[in-house]
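Reading the structure
Single-letter residue listing:
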Amino acid sequence: QVQLVESGGGLVQAGGSLRLSCAASGRTFSRYAMGWFRQAPGKEREFVAAITWIGGNTLYADSVKGRFTISRDNAKNTVYLQMNSLKPEDTAVYYCAAGENFRVVATTPDTWGQGTQVTISS
């Protein structure tokens, strides 16, 4: 099983950018589809983006499409979420997730990270 640790969260002004990283431990990282979710205060956790194990396919929530980019570096056991044109409504705890395939990671991931706080000021 893979373990996940997120980093890169912080406080930025609206319109700014952040890049989140998720470092994975475990020899089989490259076999997992990876994803990002987020949870805002008082709201349910929601899907943000996913990427297949070889990085060939990606999927985004409509709310972030065109602003966020998910990528991975299997040599570094790391998945990234580049977030541009940030809005106050992007404020949330962002969680990295892993799943045995693309469908699983976008709906019911097998493994979660501990989360990293992203706060966007207006």
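Structure first, text after, so check above.
Please read these numbers as outputs of a predicted model, since none were measured by experiment.

Among the nonpolar cores identified, the biggest contains 37 residues, and Met34, Trp36, Leu81, Met83 and Tyr94 are the most heavily contacted of them. When neighbours within four sequence positions are excluded, methionine 83 is seen to be in contact with Gly16, Ser17, Leu18, Leu20, Arg67, Phe68, Tyr94 and Val118.

So, on to the pattern of salt bridges. Applying the stated criterion across every chain, the model contains four salt bridges. Between lysine 65 and aspartate 62 there is a salt bridge, with its nearest N and O atoms 3.1 Å apart. Looking at aspartate 62, the relative accessible area reads 66%, which means it is exposed. Taking the shortest distance from any N to any O, the salt bridge between aspartate 90 and arginine 67 comes out at 2.8 Å. With aspartate 90 in the loop between strand S8 (78–83) and strand S9 (92–99) and arginine 67 in the loop between strand S6 (58–60) and strand S7 (68–73), this residue pair connects regions lying 23 residues apart in the sequence. The class for aspartate 90 is buried, based on a relative accessible area of 1%. Among the residues examined, arginine 67 registers a relative accessible area of 12% and is labelled buried. One network of salt bridges, in which partners are shared, links Arg38, Glu46, Arg67 and Asp90.

Strand pairing in a sheet relies on backbone hydrogen bonds, with the paired strands running either antiparallel or parallel. Sheet architecture is open: four strands sit in the order S1-S3-S8-S7, paired in antiparallel fashion. Among the strands making up the open sheet, the edge pair consists of strand S1 (3–7) and S7. Neighbour to neighbour, the strand axes of the sheet diverge by 20 degrees on average, direction disregarded. Alignment of S1 against strand S3 (residues 18–25), held across five bridges, turns out to be antiparallel.

The residue asparagine 77 is not glycine, and still its phi comes out positive at about 50 degrees. On the secondary structure map, asparagine 77 appears in the loop between S7 and S8. Since its relative accessible area comes to 22%, asparagine 77 is described here as partly exposed. For serine 85, which is not glycine, the phi dihedral falls at a positive 50 degrees. Following the sequence through the fold, serine 85 ends up in the loop between S8 and S9.

Counted according to the given criterion, the structure contains three aromatic pairs. Ring geometry for phenylalanine 37 and phenylalanine 47: centres 5.6 Å apart, planes at 75 degrees, overall edge-to-face. Of the two residues, phenylalanine 37 is situated in strand S4 (residues 33–39) and phenylalanine 47 in strand S5 (residues 46–51); the sequence distance between them amounts to 10 residues. Each ring, one from phenylalanine 37 and one from tryptophan 112, has its centre 4.9 Å from the other, and the planes form 70 degrees; the classification is edge-to-face. Here phenylalanine 37 is found in strand S4, whereas its partner tryptophan 112 is found in strand S10 (residues 111–112), with 75 residues between them in sequence. Exposure remark for phenylalanine 37: the relative accessible area of 5% places this residue in the buried category. An aromatic cluster is built from Phe37, Phe47, Tyr95 and Trp112, whose rings are joined through pairwise contacts. Above the face of the tryptophan 112 ring, arginine 45 is positioned so that its terminal group lies 4.4 Å from the ring centre.

Basis of the calculations
Residues numbered from 1 in each chain as written. Predicted model: local features only at pLDDT ≥ 70, side-chain atom pairs only at ≥ 80, totals over all residues. Heavy atoms only, no water. Core = buried A, V, L, I, M, F, W, Y, C linked by side-chain atoms within 4.5 Å. Buried < 20%, exposed > 50% of the residue type's maximum accessible area, 1.4 Å probe, protein only. Contact = heavy atoms within 4.5 Å. Salt bridge = Lys/Arg side-chain N within 4 Å of Asp/Glu carboxyl O. Helix = DSSP H or I, 4+ residues; strand = E, 2+ residues; numbered from the N terminus. Pairing = 2+ DSSP bridges. Axes fitted to C-alpha atoms, helices over the stretch in contact; angles between N-to-C directions. Phe/Tyr/Trp six-rings, centres within 6.5 Å; stacked < 30°, edge-to-face > 60°. Lys NZ or Arg CZ within 6 Å of the ring centre and 35° of its normal.

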